[in-house]
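Chain by chain, the residues:
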Amino acid sequence: MRPTYREPHPVTGGGVAAGGGAAAGWLLLFGLLGTDVASYGWWTVFAGLLAWVTALVLVRYGDRGVATGVAIVTAGGWSIAAAVVAVRWATSGDWPLW
């Protein structure tokens with residue numbers, strides 16, 4: 001009989017959902033620190049970078065499903081922040097991040 005090799009941390013739907021929920025809470029927490037569009041944008045970029053570093057560590061040493069959820073939700077959060085900045089830029093004519 002041949003040995004069976006199994007992945008120690010398989011990607012599961014629960015892991016992806018847990019990572020997504022944690023990342024959503026993380027981005028919400030940092031997004032609420034912003035008092036205007038510029039600070040919201042920069043806080044979201046900072047929180048997203050920290051979340052992606054965490055996702056990279058999880059891919060290497062932990063649960064890849066959680067890392068996938070973190071990465072997906074972080075990308076979505078960055079997209080929302082970019083849309084908010086773009087709308088402010090389009091309506092005011094002034095780049096809001098500087």
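Quick note: structure is the one above.
Residues numbered from 1 in each chain as written. Predicted model: local features only at pLDDT ≥ 70, side-chain atom pairs only at ≥ 80, totals over all residues. Heavy atoms only, no water.

### Some remarks on the overall build of the protein chain
- Check the secondary structure of the protein chain and you find 3 helices and 0 strands.
- For 98 residues, the compact-globule estimate of 2.2 N^0.38 gives 13 Å, and the protein chain exceeds it by more than 25% at 17 Å.
- Counting only C-alpha atoms and orienting by the principal axes, one finds that the protein chain spans roughly 70 × 20 × 20 Å.
- Here the protein chain holds 98 residues, and the buried ones make up 28% of them.
- Contacts in the protein chain between residues at least 24 apart in sequence constitute 62% of all its contacts with a sequence separation of at least 6. (Helix = DSSP H or I, 4+ residues; strand = E, 2+ residues; numbered from the N terminus. Rg over C-alpha atoms; globule rule 2.2 N^0.38 Å. Buried < 20%, exposed > 50% of the residue type's maximum accessible area, 1.4 Å probe, protein only. Contact = heavy atoms within 4.5 Å.)

### Focus: the side chain of threonine 74
- Tracing the chain through its elements places threonine 74 in helix 3 (residues 64-92).
- Dropping the residues within four chain positions of it, threonine 74 is found in contact with Ala23, Leu27, Gly48, Ala51 and Trp52.

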